[in-house]
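For reference, the chains in residue letters:
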Amino acid sequence: VDADMLAANAVTSAKMASGVGGKVLSSGVAASWSGSTNSTSYVDSTSFNFTPSATSSKILILAALNHVQDSRTAWATQVLRDSTQIFERDQWKFASTNRNFGIMSYVILDAPNTTSQITYKFQVKRSEPGGVSSDTFNYAANYVYFEVAG
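Now for a look at the structure at hand. (Residues numbered from 1 in each chain as written. Predicted model: local features only at pLDDT ≥ 70, side-chain atom pairs only at ≥ 80, totals over all residues. Heavy atoms only, no water.)

### Here's the deal with the overall build of the protein
Counting its secondary structure elements, the protein contains one helix and eight strands. Counting contacts in the protein only where the partners sit at least 6 residues apart, residues at least 24 apart contribute 84% of the total. (Helix = DSSP H or I, 4+ residues; strand = E, 2+ residues; numbered from the N terminus. Contact = heavy atoms within 4.5 Å.)

As structure tokens, this is what we get:
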């Protein structure tokens, strides 16, 4: 397509095969969840099962995690597809002796390459045992997911 074709209105709309190019095939509000942990090993916070309609589908997960952490506690989160880690973020360690508040956003685009049921699992942990062993990570979160045509 060149400038002459556009000027002559020879191209009136984009041509794209049905079901490709980022079309949302399905979506869902997977969950809202909350909890508290002082474990230095990952613990399950929530999960959901999903069955993609095509092997070429992508799964887009959007999430927001609100947290309160006690003094000098660093923490981490990860998302697993079945047993495979697809996302991990290790957060900061505060030097404050007070409670600290924050929000972390997740934008995850996964390509599971299957039409079998899969399980997405969100996990959290203390990544550094700063402060005292009773320091905790308290969280509340929610997320949505979309199956997008690949």
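### As for the environment of Glu147
Of note, Glu147 is situated in strand E8 (residues 137–148). Assessed through its relative accessible area of 3%, Glu147 is described here as buried. With 37 residues separating them in the primary sequence, Glu147 and Asp110 have C-alpha atoms 9.6 Å apart. In this structure, Glu147 is in contact with Lys23, Val24, Leu25, Ser26, Phe50, Pro52, Ser53, Ala54, Ser57, Lys58 and Ile59, ignoring residues within four places of it in sequence. There is a polar contact of 2.8 Å between the side chain of Glu147 and the side chain of Ser57. (Buried < 20%, exposed > 50% of the residue type's maximum accessible area, 1.4 Å probe, protein only. Polar contact = N/O pair within 3.5 Å; in protein donor to acceptor, adjacent residues only side chain to side chain.)

### Digging into the pairing of strand E5 (residues 84–90)
Direction of pairing for strand E4 (residues 74–81) relative to E5: antiparallel, over a ladder of six bridges. Bridge pairing links Ala76 to Asp90 in E5. Taken together, E4 and the strand that follows it, E5, pair antiparallel across an intervening segment of two residues, in which Asp82 is found at a positive phi of about 55°. (Pairing = 2+ DSSP bridges.)

### Focus on the nonpolar core
Core analysis: the largest hydrophobic core is formed by 21 residues, its most contacted members being Phe48, Ile61, Leu65, Tyr106 and Phe122. For this core, the secondary-structure elements that each account for two or more residues are strand E2 (43–50), strand E3 (58–69), E4, strand E6 (100–110), strand E7 (118–128) and E8. With sequence-adjacent residues up to four places away left out, Tyr106 is seen in contact with Ile61, Leu62, Ala63, Leu65, Thr77, Val79 and Phe87. (Core = buried A, V, L, I, M, F, W, Y, C linked by side-chain atoms within 4.5 Å.)

### Considering the pairing of E4
The element E4 is extensively covered by neighbouring structure, given that eight of its eight residues are classed as buried. Both faces of E4 are covered, namely the face carrying Ala74, Ala76, Gln78 and Leu80 and the face carrying Trp75, Thr77, Val79 and Arg81.

### Quick notes on the packing of aromatic side chains
Summed over the entire model, instances satisfying the criterion amount to seven aromatic pairs. Aromatic pair Phe48 and Tyr120: ring centres 5.3 Å apart, planes at 25°, arrangement stacked. Of this pair, Phe48 sits in strand E2 while Tyr120 sits in strand E7, and the two are 72 residues apart along the sequence. Grouping residues by exposure puts Phe48 and Tyr120 together as buried. With a centroid separation of 5.9 Å and an interplanar angle of 80°, the aromatic rings of Tyr106 and Phe122 are classed as edge-to-face. Residue Tyr106 is found in strand E6, and its partner Phe122 is found in strand E7; the two are separated by 16 residues along the sequence. A relative accessible area of 3% means that Tyr106 is categorised as buried. What makes Phe122 buried here is its relative accessible area of 1%. The structure contains a cluster of three or more aromatic residues connected by ring pairs, namely Phe48, Phe50, Phe87, Tyr106, Tyr120, Phe122, Tyr143 and Tyr145. (Phe/Tyr/Trp six-rings, centres within 6.5 Å; stacked < 30°, edge-to-face > 60°.)

### Observations regarding the side chain of Lys125
Structurally, the position occupied by Lys125 is in strand E7. Despite its burial, Lys125 remains without a salt bridge, the nearest opposite charge being carried by Glu88 at 5.1 Å. Setting aside residues up to four positions removed in sequence, Lys125 forms contacts with Ser39, Thr40, Ser41, Tyr42, Trp75 and Ala76. (Lys, Arg positive; Asp, Glu negative; His and termini not counted. Salt bridge = Lys/Arg side-chain N within 4 Å of Asp/Glu carboxyl O.)

### Thoughts on the side chain of Thr77
Here Thr77 shows up in strand E4. Reaching out from Thr77, the side chain makes a polar contact with the side chain of Tyr106 at a distance of 3.1 Å. Once residues within four sequence positions are removed from consideration, Thr77 is found in contact with Tyr42, Leu65, Phe87, Glu88, Arg89, Met104, Tyr106, Gln123 and Val124.

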